[in-house]
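Summary of structural features
Given next are the chains, with one letter for each unit.
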Amino acid sequence: MKVLLAALTGSGLILSSVIARAEEAAYADPVESWEQLWSTVLFDLWIMGIIFGALAVHWLIKYKAKSPDDVGDSPSLSRAQMWSWALIPAFIFMADDFYLAAKGWTVWNTYRNVPEGAMEVKVTGNMWYWEFEYEDGTTSSYDVDGKEGDGLVVPVGTPVVLRMTSNDVIHSFGLTKYRVKEDLMPGRITYIWFNPKEEAESWVTCVEFCGVLHSRMYAPVKAIPQPKFDEWLQKRAEEENA
């Protein structure tokens, strides 16, 4: 009986682990998607650079003029060779472009599909500061002059979707650490989402020139453990209601 109970307990733990991993992998992460695309583009550029560089060096040496009066002539190609030189490289480059375009659309779909259960935060862009409003109405911001305020605070392990608009001009929410960026426009609501997987502090900056104090439009973004986030949110709510 003890062996049976131990086996059932072990199976339950394994099943719980598998379910947790499946839930985590149920949605693609924007950072991983973006990094994969960027690595593919760099690899592609390196391969093309090496091939064309090697060909250029080879041809420079092979067809180097032996004397000032030396004039080269083009090789004679058959019709099949001529069409092959024209079409094969064209097909190779087109296939490469279509592959990169497909990878880009995959990343775009990742950005557009918000996971279920994501925490929503309203973001308002103003000249020249960000304002964040949580689901319970609690707000947060950051004063650049006094270096006061918490900015955007989010819990680790919970996807966060930002619903954004602007009160004046066009701003752009640039969150480099999480590889996301989206414009904010008066009269429109745009969105982005990101997945803070670990405790970290980064910065959001406006990446669209929005006026003379554009460079001062930034705020901290803090990813903290869920218990600390609940405590912070409750404290902020109490401060606002005091």
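Residues numbered from 1 in each chain as written. Predicted model: local features only at pLDDT ≥ 70, side-chain atom pairs only at ≥ 80, totals over all residues. Heavy atoms only, no water.

1. Focus on the overall build of the chain
Convention followed: Numbering of helices and strands runs from the N terminus; a helix is a DSSP stretch of H or I covering at least four residues, while a strand is a stretch of E covering at least two. Exposure categories follow from relative accessible area, calculated using a 1.4 Å probe and restricted to protein chains: below 20% of the type maximum is buried, above 50% is exposed, and the middle band is partly exposed. Contact criterion: two residues are considered in contact whenever any of their non-hydrogen atoms come within 4.5 Å of each other.
When its secondary structure is counted, the chain shows 4 helices and 10 strands. Traced from its N-terminal end to its C-terminal end, the chain shows the element sequence α-α-α-β-β-β-β-β-β-β-β-β-β-α. With 242 residues in all, the chain has 30% of them scored as buried. Partitioning the intrachain contacts of the chain with sequence separation of at least 6 by distance along the chain shows that 65% fall at a separation of at least 24.

2. Digging into the nonpolar core
Let me state the cut-off plainly: In this text, buried Ala, Val, Leu, Ile, Met, Phe, Trp, Tyr and Cys residues form a nonpolar core when linked through side-chain atoms within 4.5 Å.
Counting residues in hydrophobic clusters, the biggest one holds 35 residues, and the most contacted among them are W130, Y134, L152, L162 and F173. For this core, the leading source of residues is strand β10 (residues 218-224), giving 4 residues.

3. Some remarks on the state of the cysteines
Put simply, the test is: In this description, a disulfide is simply a cysteine sulfur pair whose atoms lie within 2.5 Å.
Under the counting rule described, the total for this entry stands at 0 disulfides. C210 carries a free sulfur, and the closest cysteine sulfur to it, the one in C206, is 3.9 Å from it.

4. Observations regarding the packing of aromatic side chains
Any pair of aromatic rings gets described here by the distance separating the centres and the angle formed by the planes. Going by this rule: Aromatic contacts are taken between Phe, Tyr and Trp rings whose centres are within 6.5 Å, Trp giving its six-membered ring; a plane angle under 30 degrees counts as stacked, one over 60 as edge-to-face, and the others as tilted.
Scanning the model with the defined rule gives 10 aromatic pairs in all. Ring geometry for Y142 against W203: centres 5.9 Å apart, planes inclined by 75 degrees, an arrangement best described as edge-to-face. Of the two residues, Y142 sits in the loop between β3 (139-141) and β4 (152-155) while W203 sits in strand β9 (residues 200-206), which places them 61 residues apart along the sequence. Residue class for Y142 comes out buried when judged on its relative accessible area of 10%. The class of W203 is partly exposed, set by a relative accessible area of 40%. Each ring, one from W203 and one from Y218, has its centre 5.7 Å from the other, and the planes form 70 degrees; the classification is edge-to-face.

5. Quick notes on the sheet that holds strand β8 (residues 190-194)
Short version of the rule: When DSSP finds at least two bridges between two strands, those strands are taken to pair. Only the stretch in contact is used when a helix axis is fitted, and all axes are lines through C-alpha atoms; the angle between N-to-C directions ranges over 0 to 180 degrees.
The mixed open sheet is built from 5 strands, whose spatial order is β3-β2-β1-β5-β8. Both outer strands of the open sheet, β3 and β8, are each paired with one neighbouring strand and no more. Averaged over all pairs of adjacent strands, the angle between strand axes in this sheet comes to 25 degrees, irrespective of strand direction.

6. Quick notes on the confidence of the model for the chain
Under the convention used in this document: Scored from 0 to 100, pLDDT reflects the predictor's confidence in each residue.
Taken as a whole, the chain shows an average pLDDT of 88; of its residues, 89% reach a score of 70 or greater. Low confidence marks residues 12-20, where pLDDT is under 50. Its contacts with residues over four positions away, or in another chain, come to 0 contacts.

7. A word on the environment of V169
Turning to its location among the elements, V169 is positioned in the loop between β5 (160-166) and β6 (171-175). With relative accessibility at 29%, the residue V169 sits in the partly exposed group. Spatially, the C-alpha atoms of V169 and G211 are 8.8 Å apart, while their sequence positions differ by 42 residues. If we ignore the near neighbours within four places in the chain, the residues touching V169 are M127, L184, P186 and C210.

8. Here's the deal with the side chain of T110
With respect to the helices and strands, the residue T110 is situated in helix α3 (residues 79-112). Taking the relative accessible area as the measure of exposure, T110 reaches 9% and is therefore buried. The contacts of T110, once residues within four sequence positions are left out, are A28, D29, P30, S33 and W193.

9. Section: a negative patch on the surface
Short version of the rule: Candidates for patches are residues over 30% relative accessible area with no salt bridge; among them, like charges are joined within 9 Å and nonpolar side chains (Val, Leu, Ile, Met, Phe, Trp, Tyr) within 5 Å. Per-residue and other accessible areas follow the Shrake-Rupley method at a 1.4 Å probe size, with only the shown protein chains counted as cover for residues. Should a side-chain nitrogen of Lys or Arg be within 4 Å of a carboxyl oxygen of Asp or Glu, the pair is scored as a salt bridge. A positive count includes Lys and Arg, and a negative count includes Asp and Glu. His and the chain ends are not counted in either. To locate a charge, take NZ of a lysine, CZ of an arginine, CG of an aspartate or CD of a glutamate.
There is a patch of like negative charges on the surface, built from E131, E133, E135 and D136. For E133, the position within the fold is in strand β2 (residues 129-133).

10. Here's the deal with unusual backbone geometry
In this structure, W128 follows M127 across a cis peptide bond, with omega equal to 10 degrees. Position of W128 relative to the elements: it lies in the loop between β1 (119-126) and β2. Positive phi, close to 55 degrees, is recorded for R179, a residue that is not glycine.

11. Brief notes about the sheet that holds strand β7 (residues 180-184)
As a general point, the strands of a sheet are linked pairwise by backbone hydrogen bonds and lie either parallel or antiparallel. Read across the sheet, 5 strands follow the order β4-β10-β9-β6-β7 without closing on themselves; strand pairing throughout is mixed. Of all strands in the sheet, those with a lone pairing partner are β4 and β7, marking the two edges. Adjacent strand axes in the sheet meet at a mean angle of 20 degrees when their direction is disregarded. Pairing geometry for β9 and β10, over 6 bridges, is antiparallel. Residue T205 lies in a different strand from β10, and its bridge partner there is Y218.

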